[in-house]
Amino acid sequence: MSGHSKWHNIQAKKGKTDAARAAVFTKIGRELAVAAKGNPNPDTNSKLADVIAKAKAANMPNENIKRSIAKAAGELGDKDYKELTYEGYGVGGSAVIIKTLTDNVNRTAGDIRSTMGKCGGQMGQNGCVSYMFDNKGVFVIERTVKLDEDTMMEYCLEAEADDYAVEDDVYEVYTAPEKWSQARKYFEEKGVTFLEAEIKMIPQNYIALDSEKLETFQKMLDKLDELDDVQSVYHNVELPDEEEE
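As the structure is a computational prediction, the values presented were derived from the model and not from experiment.

Analysis parameters
- Residues numbered from 1 in each chain as written.
- Predicted model: local features only at pLDDT ≥ 70, side-chain atom pairs only at ≥ 80, totals over all residues.
- Heavy atoms only, no water.
- Patch = residues over 30% accessible without salt bridge, like charges linked within 9 Å, V, L, I, M, F, W, Y side chains within 5 Å.
- Areas by Shrake-Rupley, 256 points an atom, 1.4 Å probe, with all protein chains shown as cover.
- Salt bridge = Lys/Arg side-chain N within 4 Å of Asp/Glu carboxyl O.
- Lys, Arg positive; Asp, Glu negative; His and termini not counted.
- Charge placed at Lys NZ, Arg CZ, Asp CG, Glu CD.
- Helix = DSSP H or I, 4+ residues; strand = E, 2+ residues; numbered from the N terminus.
- Buried < 20%, exposed > 50% of the residue type's maximum accessible area, 1.4 Å probe, protein only.
- Polar contact = N/O pair within 3.5 Å; in protein donor to acceptor, adjacent residues only side chain to side chain.
- Pairing = 2+ DSSP bridges.
- pLDDT = per-residue confidence, 0-100.
- Contact = heavy atoms within 4.5 Å.
- Axes fitted to C-alpha atoms, helices over the stretch in contact; angles between N-to-C directions.

## Concerning a negative patch on the surface
So, point 1. Together, D148, D150, E154 and E158 make up a region of like negative charge exposed at the surface.
So, point 2. Among the secondary structure elements, D148 is positioned in the loop between β4 (133-142) and α6 (149-158).
So, point 3. Its relative accessible area of 33% is what places D148 among the partly exposed residues.

Here's what the structure looks like:
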């Protein structure tokens, strides 16, 4: 588990182009709008509060967050978005899990199947690779003089976290999915700021691909990420530091 998030890669992510950041904000914006549908108050809607924490960790501006929540009562009012997960294989026997939000299942499934097929991959049945991953809540928190290791250990115990690791200048904290919201609230009450905050599928083991297969696999990740309905892509391939998500 230790070292999963790799903070140097998160720093690289935060340094992406404006277009790439806008794409991330668009995806989180849809999550916000869907979570807010029916109850736009994060004080009484814990799912919305969770997504807001994720948005803030991604440096999404407050105005964007408010606008996305407002969409729940507007343009999404007559749309029924579903959260669907697809599983499959990339080149070299790699495992891929794709989380989506869609109002058109046939379109989404077709787009994912086509994208994977063009890059040497294929969709599989539900459960074909998810057993290779652990579903975990993840927080990345800056390590400061005030927030030293002893304090963080105390916080993690009180928040009922499963584990934490010290990586360079950050702490990586892991929780069970059902404990993630509780831990988020606890850390926020302590004034902790998140550099990353979300529930992820973490591979139990990573595999290495040769340079040619790695290039093809990276192309598939990029193409999947460009699909509007795709929210997150998880995999078990060891990517070069500057490219890893």
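Let's pick the thread back up.
## So, the side chain of K136
So, point 1. For K136, the position within the fold is in strand β4.
So, point 2. Note on K136: relative accessible area 16%, which makes it buried.
So, point 3. Polar contacts involving the side chain of K136 include one to the side chain of D162, which spans 2.7 Å.

## A closer look at the pairing of β4
So, point 1. For β4, a buried count of 7 out of 10 residues is recorded, marking the element as mostly surrounded by other parts of the structure.
So, point 2. Pairing geometry for β4 and strand β7 (residues 194-203), over 9 bridges, is antiparallel. What sits directly across from V140, in β7, is E196.

## So, the pattern of salt bridges
So, point 1. Within this structure, the stated rule accounts for 13 salt bridges.
So, point 2. The closest approach of N and O atoms between K54 and E31, which form a salt bridge, is 2.7 Å. Here E31 lies in helix α2 (residues 18-36) and K54 lies in helix α3 (residues 46-57), a separation of 23 residues in the sequence.
So, point 3. Owing to a relative accessible area of 18%, E31 belongs among the buried residues under this scheme.
So, point 4. Where E83 meets K47, a salt bridge forms, and the shortest distance between an N and an O atom there is 2.5 Å. In this pair, E83 sits in strand β1 (residues 82-89) while K47 sits in helix α3, placing the two residues 36 residues apart along the sequence.
So, point 5. Taking the relative accessible area as the measure of exposure, E83 reaches 55% and is therefore exposed.
So, point 6. Because the salt bridges share partners, they merge into one network encompassing R30, D103, R107 and D229.

## Section: the confidence of the model for the protein chain
So, point 1. When pLDDT is averaged across the protein chain, the result is 88; 88% of the residues are at 70 or more.
So, point 2. Under a pLDDT of 50 for its full length, residues 1-5 has, in the predicted model, 21 contacts with residues more than four places off or in other chains.
So, point 3. Predicted confidence is poor over residues 7-15, with pLDDT under 50, and the contacts of this stretch with residues over four places away or in other chains come to 20 contacts.

## Section: unusual backbone geometry
So, point 1. For N59, which is not a glycine, the phi torsion comes out positive at approximately 65°.
So, point 2. In this fold, N59 is placed in the loop between α3 and α4 (62-71).
So, point 3. The backbone phi angle of E160 is positive, close to 60°, even though this residue is not glycine.
So, point 4. Mapped onto the elements of the fold, E160 is located in the loop between α6 and β5 (163-167).
So, point 5. Among the residues examined, E160 registers a relative accessible area of 40% and is labelled partly exposed.

## A few points about the sheet that holds strand β6 (residues 170-175)
So, point 1. The sheet built from 4 strands is open, its strands ordered β5-β6-β4-β7 with antiparallel pairing. For this open sheet the edge positions go to β5 and β7, each flanked by a neighbour on one side alone. The sheet shows a mean angle of 25° between the axes of neighbouring strands, direction not considered.
So, point 2. Here α6 sits on the sheet and contacts β4, β5 and β6; the angle it forms with β5, its principal contact strand, is near 155°.

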